[in-house]
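Here is how the chains run, residue by residue.
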Amino acid sequence: MKARVTVTLKNGVLDPQGKAIEGGLAALGFAGVGHVRQGKVFDIELSGRSAEQARADLAEMCEKLLANTVIENYAIEIV
Amino acid sequence: MKSAVITFPGSNRERDMMKALELVTGKAPLSVWHTETSLPDVDLVVLPGGFSYGDYLRAGAIAARSPVMDAVRDAASRGVLVLGVCNGFQMLTEAGLLPGALMRNAGLTFVCREVKLQTVNRTSAFTRAFTQGQVWRCPVAHHDGNYFADAETLARIEGEGQVAFRYADGTNPNGSVNHIAGVLNARGNVLGMMPHPENLVEPLQGGIDGRTLFEGVAGLTEAA
């Protein structure tokens with residue numbers, strides 16, 4: 001089973017890297033680009049568990065390591 | 001005063017910290033490796049600066065889940081003094097021992113320079129040797145020192161006097177909210193700070209302003 005975990009900054013948390021990327025896109029001439037927020041994607045292989053158990057385990061992984069829940073949200077997808 | 005400095009893979013200021021502690025307290029600290037599951041009987045535990053695990057995932061994130069961190073958490077709960085400098089501060093926030101988080105510097109660049117710090121709470125062992133409001137020199141060297149806490153947390157730590165040091169005189173190098181440079185836990189026995197007091201303890205380093213913090217920890221001086 002493969003899962004994808006996406007970690008993004010919470011609303012209200014400043015993202016200087018996203019701002020810099022925004023500036024880079026503008027410098028390349030892309031018009032109509034609004035705010036850019038940078039995040040992280042983790043592709044994780046899992047075995048020996050049901051999809052339901054996988055979701056529970058992934059949530060625990062996010063809480064304990066993959067995300068810093070002070071500043072980040074996470075989303076779990078079984079792919 | 002007995003102290004221990006914990007070394008993680010990628011720590012690089014552990015020797016500076018040990019030299020500073022020996023210089024000020026007269027006693028060489030013990031060196032502890034991150035895989036240990038217990039700590040020696042000491043009065044102070046230090047998490048030094050560096051780039052543990054190459055800052056992979058988030059600065060301090062992997063080190064904060066090291067075996068030794070359970071022992072650090074236990075020591076902190078017993079009232080043992082815990083100091084985290086730079087990467088050590090990042091570890092303490094990642095471990096949940098201090099509130100908030102350290103994010104990428106607002107200017108996106110690594111900053112290596114001298115700043116001014118103001119001591120705004122002198123009720124802890126770490127800050128008691130300073131005078132109230134004392135402004136002192138201290139070097140910084142980091143890429144992820146931009147202190148952030150949500151509005152509710154910020155109001156709480158400001159209200160409870162948990163802000164130990166602020167960047168002063170317009171020297172905030174990283175965009176930290178409220179110019180926060182150092183934070184205490186509610187009990188006042190855990191301090192995290194981005195600047196490096198251990199790198200300004202002898203005249204050859206250009207000054208001795210950083211000594212005051214260690215003198216307070218060692219109980220050597222009591223400022224009026």
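Remember, predicted model here, so these are calculated numbers, not experimental data.

### Quick look at the overall build of chain A
Check the secondary structure of chain A and you find 2 helices and 3 strands. For the C-alpha atoms alone, the extent of chain A along its principal axes is close to 50 × 25 × 15 Å. Counting all 79 residues of chain A, 28% fall into the buried class. Computed over 9 positive and 10 negative side-chain charges, the inter-centroid distance for chain A is 3 Å.

### Description of the interface of chain A and chain B
Contacts between chain A and chain B engage 17 residues on the former and 14 residues on the latter. With both chains or domains summed, chain A and chain B bury close to 1200 Å², and 67% of this area falls on carbon and sulfur atoms. On inspection of chain A and its partner chain B, the count reaches 1 salt bridge. Salt-bridge contacts for A:Glu72 lead to B:Arg58; the nearest nitrogen and oxygen are separated by 3.7 Å. Our enumeration of links across chain A and chain B arrives at 6 residue pairs in polar contact (both at pLDDT 80 or more). Grouping the amino acids of the side of chain A that touches chain B by side-chain chemistry returns 11 nonpolar, 3 polar and 3 charged.

### Describing the sheet that holds strand β6 (residues 111-119) of chain B
Residue and element names in this part refer to chain B. Read from one edge to the other, the open sheet built from 9 strands follows the order β2-β1-β3-β4-β11-β10-β9-β6-β7, with strand pairing classed as mixed. Edge positions in the sheet fall to β2 (30-33) and β7 (135-142), since each of these pairs with one other strand and no more. Along the sheet, successive strands turn relative to each other by an average axial angle of 25°, direction set aside. Bridge count between β6 and β7: 8 bridges; the pairing is antiparallel. Paired with Cys 112 across the two strands is Ala 141, which belongs to β7. Across the sheet, helix α1 (residues 14-25) touches β1 (3-7), β2, β3 (44-47) and β4 (81-85), and the angle it forms with β1 is around 170°.

### Brief notes about the pattern of salt bridges
Residue and element names in this part refer to chain B. On inspection of all chains with the given rule, the structure shows 15 salt bridges over all chains. The salt bridge partner of Arg 137 is Glu 114, with a shortest N-O separation of 2.7 Å. Here Arg 137 is found in strand β7, whereas its partner Glu 114 is found in strand β6, with 23 residues between them in sequence. Taking the relative accessible area as the measure of exposure, Arg 137 reaches 26% and is therefore partly exposed.

### Side note on the UniProt feature "active site" (unreviewed entry) in chain B
Residue and element names in this part refer to chain B. Cross-referencing UniProt, the feature "active site" (unreviewed entry) maps to Cys 86, His 196 and Glu 198 in the present numbering. The named residues occupy 113 residues along the chain; their greatest pairwise C-alpha distance, 11.1 Å, places them in one compact cluster. By the secondary structure assignment, Cys 86 is in the loop between β4 and α3 (87-94). For Cys 86, the contacting residues outside a window of four places in its chain are Gly 49, Ala 141, His 142, Met 193, Met 194 and His 196. Within the secondary structure, His 196 sits in the loop between β11 (190-193) and α5 (211-218). Residue classification places His 196 among the buried positions, given a relative accessible area of 1%. Setting aside residues no more than four positions away along its own chain, His 196 makes contact with Arg 13, Gly 49, Val 85, Cys 86, Cys 138, Pro 139, Val 140 and Ala 141.

### With respect to a nonpolar patch on the surface
A cluster of nonpolar side chains, contributed by A:Leu28, A:Phe30 and A:Val33, occupies part of the molecular surface with about 330 Å² of accessible area. By the element assignment, A:Leu28 lies in the loop between α1 (16-27) and β2 (39-45).

### Regarding the pairing of β3(B)
All names here are of chain B. Burial along β3 is two-sided: the face carrying Leu 44 and Val 46 and the face carrying Val 45 and Leu 47 are both buried. When β1 meets β3, the two strands line up parallel, connected through 3 bridges. When the bridges of β3 are listed, Val 5 appears paired with Val 46. As paired strands, β3 and β4 are joined by 4 bridges and run parallel to one another. Looking at the pairing, Leu 44 lines up with Leu 81 of β4. With helix α2 (residues 68-77) bridging β3 and the parallel β4, this β-α-β connection has right-handed handedness.

### Things to note about the state of the cysteines
Residue and element names in this part refer to chain B. Within the structure shown, the criterion is met by 0 disulfides over all chains. Of all cysteine sulfurs, the one in Cys 112 lies closest to Cys 86, which takes part in no disulfide; the gap is 10 Å. Look at Cys 86 and you get buried, because its relative accessible area is 4%.

### Things to note about the packing of aromatic side chains
The full count for this structure, using the stated rule, is 5 aromatic pairs over all chains. The rings of B:Phe130, B:Trp136 and B:Phe165 are connected pair by pair, giving a single aromatic cluster.

Rules of the game
Residues numbered from 1 in each chain as written. Chains lettered and ligands numbered in written order. Predicted model: local features only at pLDDT ≥ 70, side-chain atom pairs only at ≥ 80, totals over all residues. Heavy atoms only, no water. Helix = DSSP H or I, 4+ residues; strand = E, 2+ residues; numbered from the N terminus. Buried < 20%, exposed > 50% of the residue type's maximum accessible area, 1.4 Å probe, protein only. Lys, Arg positive; Asp, Glu negative; His and termini not counted. Charge placed at Lys NZ, Arg CZ, Asp CG, Glu CD. Contact = heavy atoms within 4.5 Å. Buried area = accessible area lost by both parts, 1.4 Å probe. Salt bridge = Lys/Arg side-chain N within 4 Å of Asp/Glu carboxyl O. Polar contact = N/O pair within 3.5 Å; in protein donor to acceptor, adjacent residues only side chain to side chain. Nonpolar A, V, L, I, M, F, W, Y, C, P; charged D, E, K, R; others polar. Pairing = 2+ DSSP bridges. Axes fitted to C-alpha atoms, helices over the stretch in contact; angles between N-to-C directions. UniProt positions renumbered as here; feature names shortened; annotations may be inferred. Patch = residues over 30% accessible without salt bridge, like charges linked within 9 Å, V, L, I, M, F, W, Y side chains within 5 Å. Areas by Shrake-Rupley, 256 points an atom, 1.4 Å probe, with all protein chains shown as cover. Right-handed = clockwise from strand over helix to strand, strands pointing away. Disulfide = S-S within 2.5 Å. Phe/Tyr/Trp six-rings, centres within 6.5 Å; stacked < 30°, edge-to-face > 60°.

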